[in-house]
Amino acid sequence: MDHTNHIRLRADELTPAVLEGATVYGADDHKVGKVDHVHSTGAAGKVIIDVGGFLGIGAKPVAVALTDLDFMRDEDGEVHAVTSWTKDQLKAMPEHHH
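The sections below set out a description of the structure shown in this document. (Residues numbered from 1 in each chain as written. Predicted model: local features only at pLDDT ≥ 70, side-chain atom pairs only at ≥ 80, totals over all residues. Heavy atoms only, no water.)

### With respect to the overall build of the protein
Our working rule: To qualify as a helix, a DSSP run of H or I must reach at least 4 residues; to qualify as a strand, a run of E must reach at least 2; elements of each kind are numbered from the N terminus. Atoms counted for the radius of gyration: C-alpha only. Globule rule: 2.2 Å times the number of residues to the power 0.38. Buried residues are those whose accessible area, probed at 1.4 Å on protein chains only, stays under 20% of the maximum for their type, while exposed residues exceed 50% and partly exposed ones sit between those limits.
From N to C terminus, the protein includes two helices and seven strands. Counting from the amino terminus, helix and strand elements in the protein follow one another as β-α-β-β-β-β-β-β-α. Expected size for 98 residues packed as a compact globule is a radius of gyration near 13 Å; at 12 Å, the protein falls within 12% of this value. With the principal axes as the frame, the protein shows a C-alpha extent of 30 × 30 × 20 Å. Residues counted as buried form 37% of the 98 residues belonging to the protein.

As structure tokens, this is what we get:
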């Protein structure tokens, strides 16, 4: 997917209501997971991504810094994120426990 023309979200749009459920694309532009939930926003914010699994079963939740993700909207207005992490790197992270 070419993200060049996608509109980046403004800082005031980086809220749980907007980000939760967003698809996350990794370094190779493959889907690596979905945003499950958000712990605070701003520079110290953490995003919990469900990585792997199938239809939500067997996914591993991992925490990454909000600043490691570039959130944007596509041509249809769907929110998604791009990160430099690969799926394997995310899977190697410690599991996030709620």
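### Some words on the sheet that holds strand β6 (residues 69-73)
The condition that has to hold: One bridge is not enough; two strands pair if DSSP finds at least two bridges between them.
If you trace the seven strands from one edge of the open sheet to the other, you get β1-β6-β7-β2-β3-β4-β5, paired in mixed fashion. Looking along the sheet, the strands with just one partner apiece sit at the ends: β1 (7-8) and β5 (60-65).

### Section: the environment of Val35
Note on placement: Val35 falls in strand β3 (residues 31-39). Residue Val35 is classed as buried on the basis of its relative accessible area, which comes to 3%. Once the C-alpha coordinates of Val35 and Val51 are considered, the two residues, 16 residues apart in sequence, prove to be 9.0 Å apart.

### Details of the nonpolar core
The tendency in soluble globular proteins is for nonpolar side chains to be buried side by side. For the record, the criterion: Here, nonpolar core means buried Ala, Val, Leu, Ile, Met, Phe, Trp, Tyr and Cys residues that are tied together by side-chain atoms lying within 4.5 Å of each other. We call two residues in contact whenever any of their non-hydrogen atoms come within 4.5 Å of each other.
Val47, Ile49, Leu69 and Phe71 are the most contacted members of the largest nonpolar core, which has 19 residues in total. Among the secondary structure elements, those contributing two or more residues to this core are β3, β4 (46-51), β5, β6 and β7 (79-83). In this structure Leu69 touches Val24, Val47, Ile49, Val64, Ala81, Val82 and Thr83, once residues within four positions along its chain are discounted.

### Some remarks on the side chain of Asp74
Selection criterion: Under the convention used here, Asp and Glu are negative, Lys and Arg are positive, and both His and the chain ends fall outside the count. Here, a salt bridge means any side-chain nitrogen of Lys or Arg that lies within 4 Å of a carboxyl oxygen of Asp or Glu. For the purposes of these results, a polar contact is taken to be a pair of N or O atoms within 3.5 Å, where, inside protein, one atom must be able to donate a hydrogen and its partner to accept one; residues adjacent in sequence count only when each atom of the pair is a side-chain atom.
Within the secondary structure layout, Asp74 lies in the loop between β6 and β7. As a buried residue without a salt bridge, Asp74 has its nearest oppositely charged side chain in Arg73, at a separation of 8.0 Å. At 2.8 Å, the side chain of Asp74 and the backbone nitrogen of Asp76 are in polar contact. In contact with Asp74, other than residues within four places in its own chain, are His6 and His80.

### Notes on the pattern of salt bridges
In total, this model carries four salt bridges according to the counting rule given. The residue Arg8 makes a salt bridge to Asp70 at a minimum N-O spacing of 3.2 Å. Placement of the pair is Arg8 in strand β1 and Asp70 in strand β6, with a sequence separation of 62 residues. On the accessibility criterion, Arg8 (38% relative accessible area) is partly exposed. Here Arg10 makes a salt bridge to Asp12, at a shortest N to O gap of 3.0 Å. Of the two residues, Arg10 and Asp12, both sit in the exposed class. Here the salt bridges share partners, and the residues they tie into one network are Arg10, Asp12, Glu13 and Arg73.

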